[in-house]
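Letter by letter, the chains look like this.
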Amino acid sequence: MNAMELITRIRLPLSRAVGTGRARMGTATHAASSVAGMAIPPGFSAKEAKLTRLDTPQPPWRPVPAADPGTTMPPGFKAQVAQLITFEMPERVTGSTGDRALGKALVNAWRRDGIIQIAMSAEQRRLWEEAKAASRRFFRKPHAEKAACVDSQSYSGYIASGEEVTDGIADYSEIFTITKDLDMAEPRVRAKWPCHGPCPWPDVEMKEPMTRYNESLGTEGEKLLQLVEFGLEVAPGSLTRHTRDGWHHTRVLRFPPRNATNGKGKEGRGIGSHTDYGLLVISAQDEVGGLFIRRPSQDEKFANWERSAAGLKEDDDGWFYVPPVAGTHTVILGDMMQYLTRNYLTATPHKVGLNTRERFAFAYFHEPSFQAVLKPLEGGCGGNGLGSSSSSSSSSSSSSSSSSSSSSSSSSSSSPSVSDTEGVHYGTHFTNMFIRNYPDRITTRRLMAENRYSLLSSPELRTMGALPALP
Ligand SMILES: O=C(O)CCC(=O)C(=O)O
Ligand SMILES: [Fe+2]
């Protein structure tokens, strides 16, 4: 290796760490200068940037007094403010030295902070702006028009403020959910598979920008999983083999200002504390602010696929506010990433507070196939293993599905198990979560009335790529 190659190798990961998120009103900090093609935050030389940004564990948090006028933190919340590194994603993941270093840096950042920030590409910035405009247009429609966007087979469509329930309490978020858009002739829809059906789009002005943005995030999700495989030192494909025809879905969100709610929920609470279900959640938020997360902690072990993590620690200390940084996505981890990695990477508990202004956000969930049955990864991290499946992931109790679906009426004696010695069935976990969050929705009522839930234990619903045999 010559000197130039050596320098390039050392520097490569650096090119992916740009700027820092600051907790100032809606300011983007992308005033990074460029050294030999690398974006370096102002005030850092290449060397300093490497040492400071990636190699030296630095607390990325800054404590602020509750009423710091400089932050966008919603009133009434006590939290420290996150200042996150912004990673820059490669156009393609090839397995280069830089990709491997980036994968390690991402995994380390998640293990330390529970959340990472990645720079949007110019194209993604455009797609997010379009999606945001479509979202504003949709949520401004009269209630009756929005409420008509419901489907009885899929959970896609409109969720009014106060309709979603987290830990038994109404959320104030107003949502348009987008799950895999399958028409009525599709075999899985004809076979009445739980949660499978069309997306009740209000119009093409909503459908097209949302679909374009989702597709772009799908590509981003796959790249991130490939990088995580390098970071964990597991075989390429260990994660991405589960996402063929992944059950990716999206929540387009609007939060009312805290003084203009319908009184169905808890004052100031947008969404209660929870973890999300799958592998990755890639999110964008406008400049208003409202997201809080908890960092991974030895003392806090959640295993949401076995016992609901909803509402946990909601009013405790130890939350971190994630201020909006324009031009970035944040990425947190879901339950299935935790299960697959035996708690080496843990699902990130988060919640949303209402601010003084309405807030728009977009959460894209990069998921395994609905039919995937997941098993913890073997090996990893240079042969040291990923950790123990201690508290939760190894306990293959058959009581799990009834506890996951807690408040719902799903737990009959014939309930399909979400986890057993075979692993965790993602489709059952997803269905349990949606039944629990939307106990009164037409989709839940139909699922129960038609006994669709019991299909979740059938072999075809637990075999990736299998299609139903139709008459
Ligand atoms: O509003 C946000 O930033 C996050 C929303 C969220 O947690 C969710 O939709 O599950
Ligand atoms: Fe969430």
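Residues numbered from 1 in each chain as written. Chains lettered and ligands numbered in written order. Predicted model: local features only at pLDDT ≥ 70, side-chain atom pairs only at ≥ 80, totals over all residues. Heavy atoms only, no water.

1. Concerning the overall build of the protein
When helices and strands are counted, the protein shows 11 helices and 22 strands. When burial is assessed residue by residue, the protein has 58% of its 471 residues classed as buried. In the structure as shown, the protein presents an accessible area of about 18,500 Å², 51% of it carried by carbon and sulfur atoms. (Helix = DSSP H or I, 4+ residues; strand = E, 2+ residues; numbered from the N terminus. Buried < 20%, exposed > 50% of the residue type's maximum accessible area, 1.4 Å probe, protein only. Areas by Shrake-Rupley, 256 points an atom, 1.4 Å probe, with all protein chains shown as cover.)

2. Quick notes on the side chain of Lys-146
Inspection of the secondary structure puts Lys-146 in helix H5 (residues 143–147). The residues touching Lys-146, leaving out its near neighbours within four places in the chain, are Phe-138, Phe-139, Lys-141, Tyr-158 and Glu-174. (Contact = heavy atoms within 4.5 Å.)

3. Things to note about the sheet that holds strand E20 (residues 373–374)
Strand order across the open sheet formed by 3 strands is E20-E22-E21, with antiparallel pairing between neighbours. Both outer strands of the open sheet, E20 and strand E21 (419–420), are each paired with one neighbouring strand and no more. (Pairing = 2+ DSSP bridges.)

4. Quick look at the site of ligand 1
If you check the shell around ligand 1, you find Arg-251, Leu-253, Phe-255, Ile-271, His-274, Asp-276, Leu-291, His-350, Val-352, Arg-359, Ala-361 and Phe-365 and nothing else. Between ligand 1 and Asp-276, the relevant distance is 3.4 Å, taken from an oxygen atom to a side-chain nitrogen or oxygen of the residue. Arg-359 has a polar side-chain atom sitting 2.8 Å from an oxygen atom of ligand 1. In isolation ligand 1 offers 290 Å² of accessible surface; the protein chains occlude 97% of this area. The set of elements that each furnish at least two residues to the shell around ligand 1 consists of strand E12 (249–255), strand E13 (269–274), strand E18 (350–353) and strand E19 (359–366). (Near = heavy atom within 4 Å. Polar contact = N/O pair within 3.5 Å; in protein donor to acceptor, adjacent residues only side chain to side chain.)

5. Things to note about the nonpolar core
The nonpolar side chains of soluble globular proteins are, as a tendency, buried together. Ranked by size, the top nonpolar core spans 99 residues in total, and within it Trp-110, Phe-176 and Leu-224 carry the most contacts. Among the elements that make up this core, the one with the highest residue count is helix H7 (residues 204–232) (10 residues). Of all hydrophobic cores here, the second largest spans 7 residues; its members include Met-73, Phe-77, Phe-292 and Trp-319. (Core = buried A, V, L, I, M, F, W, Y, C linked by side-chain atoms within 4.5 Å.)

6. Some thoughts on the pattern of salt bridges
Considering all chains together, one arrives at 31 salt bridges under this definition. Close ionic contact of Glu-163 with Arg-441 constitutes a salt bridge, the shortest N to O distance being 2.8 Å. Taken together, the positions of Glu-163 in the loop between strand E8 (157–159) and strand E9 (165–166) and Arg-441 in the loop between helix H10 (426–437) and helix H11 (442–449) put the pair 278 residues apart, joining distant regions of the chain. The class of Glu-163 is partly exposed, set by a relative accessible area of 28%. (Salt bridge = Lys/Arg side-chain N within 4 Å of Asp/Glu carboxyl O.)

7. Thoughts on the confidence of the model for the protein
Per-residue pLDDT for the protein has a mean of 82; in total, 78% of the residues score no lower than 70. Low pLDDT, under 50, characterises residues 1–59; the predicted model gives this stretch 109 contacts beyond four residues in sequence or across chains. Between residues 390–413, whose pLDDT stays under 50, and residues either more than four places distant or in other chains, the model counts 51 contacts. Reported confidence for the predicted complex is 0.99 by ipTM and 0.84 by pTM. (pLDDT = per-residue confidence, 0-100.)

8. So, helix H4 (residues 122–139)
When the terminal C-alpha atoms of H4 are compared, their 26 Å separation across 18 residues agrees well with the 26 Å that a helix rising 1.5 Å per residue should span. If you check which residues of H4 are buried, you get Gln-124, Leu-127, Trp-128, Ala-131, Lys-132, Ala-134, Ser-135, Phe-138 and Phe-139. Taken end-on, H4 shows its buried residues confined to a sector of 165°, consistent with a single buried face. (Expected span 1.5 Å × (residues − 1). Arc of directions from axis to C-beta.)

9. What to know about the packing of H4 against H7
Where H4 contacts H7, the axes come no closer than 9 Å and their chain directions differ by 140°. Crossing of H4 against H7: the hand is left-handed. Between H4 and H7, the contacting residues are Gln-124, Leu-127, Trp-128, Glu-130, Ala-131, Ala-134, Ser-135, Arg-137 and Phe-138 on the first element and Glu-205, Met-206, Pro-209, Met-210, Arg-212, Tyr-213, Ser-216 and Glu-220 on the second. (Axes fitted to C-alpha atoms, helices over the stretch in contact; angles between N-to-C directions. Left-handed = near helix turned anticlockwise from the far one by under 90°.)

10. Comments concerning the UniProt feature "domain: Fe2OG dioxygenase" (unreviewed entry) in the protein
Annotation from UniProt places "domain: Fe2OG dioxygenase" (unreviewed entry) at residues 246–368. Along residues 246–368 one finds 5% helix and 34% strand; the C-alpha atoms at either end are 5 Å apart. (UniProt positions renumbered as here; feature names shortened; annotations may be inferred.)

11. Observations regarding the coordination of the iron ion (ligand 2)
All of the protein donors around the iron ion (ligand 2) are His-274 (NE2), Asp-276 (OD) and His-350 (NE2); their distances to the metal are 2.1 to 2.2 Å. Within one chain, the residues donating to the iron ion (ligand 2) are spaced in sequence as H-x1-D-x73-H. Placement of the pair is Asp-276 in the loop between E13 and strand E14 (280–285) and His-350 in strand E18, with a sequence separation of 74 residues. (Donors = N, O, S within 2.8 Å, 3.2 Å for Na, K, Ca; no water.)

12. Observations regarding unusual backbone geometry
Its identity as a non-glycine residue notwithstanding, Lys-192 has a phi of 60°, on the positive side. With respect to the helices and strands, Lys-192 occurs in the loop between helix H6 (187–190) and H7. Although it is not a glycine, Cys-195 adopts a positive phi angle of roughly 70°. Mapped onto the fold, Cys-195 is located in the loop between H6 and H7.

13. Quick word on the packing of aromatic side chains
Under the counting rule described, the total for this entry stands at 22 aromatic pairs. Measuring from centroid to centroid gives 5.6 Å for Tyr-277 and Phe-434, while their planes differ by 65°, and the two rings are edge-to-face. With Tyr-277 in the loop between E13 and E14 and Phe-434 in helix H10, this pair connects stretches of sequence that are 157 residues apart. Relative accessible area serves as the criterion here: at 1%, Phe-434 is assigned to the buried category. Taken together, the ring pairs connect Tyr-155, Trp-247, Tyr-277, Phe-365, Phe-370, Tyr-426, Phe-430, Phe-434 and Tyr-438 into an aromatic cluster. The aromatic ring of Trp-319 is capped on one face by Arg-294, whose charged end is 5.0 Å from the ring centroid. Note that Arg-295 overlies the ring of Phe-320, its terminal NZ or CZ placed 5.4 Å from the centroid. (Phe/Tyr/Trp six-rings, centres within 6.5 Å; stacked < 30°, edge-to-face > 60°. Lys NZ or Arg CZ within 6 Å of the ring centre and 35° of its normal.)

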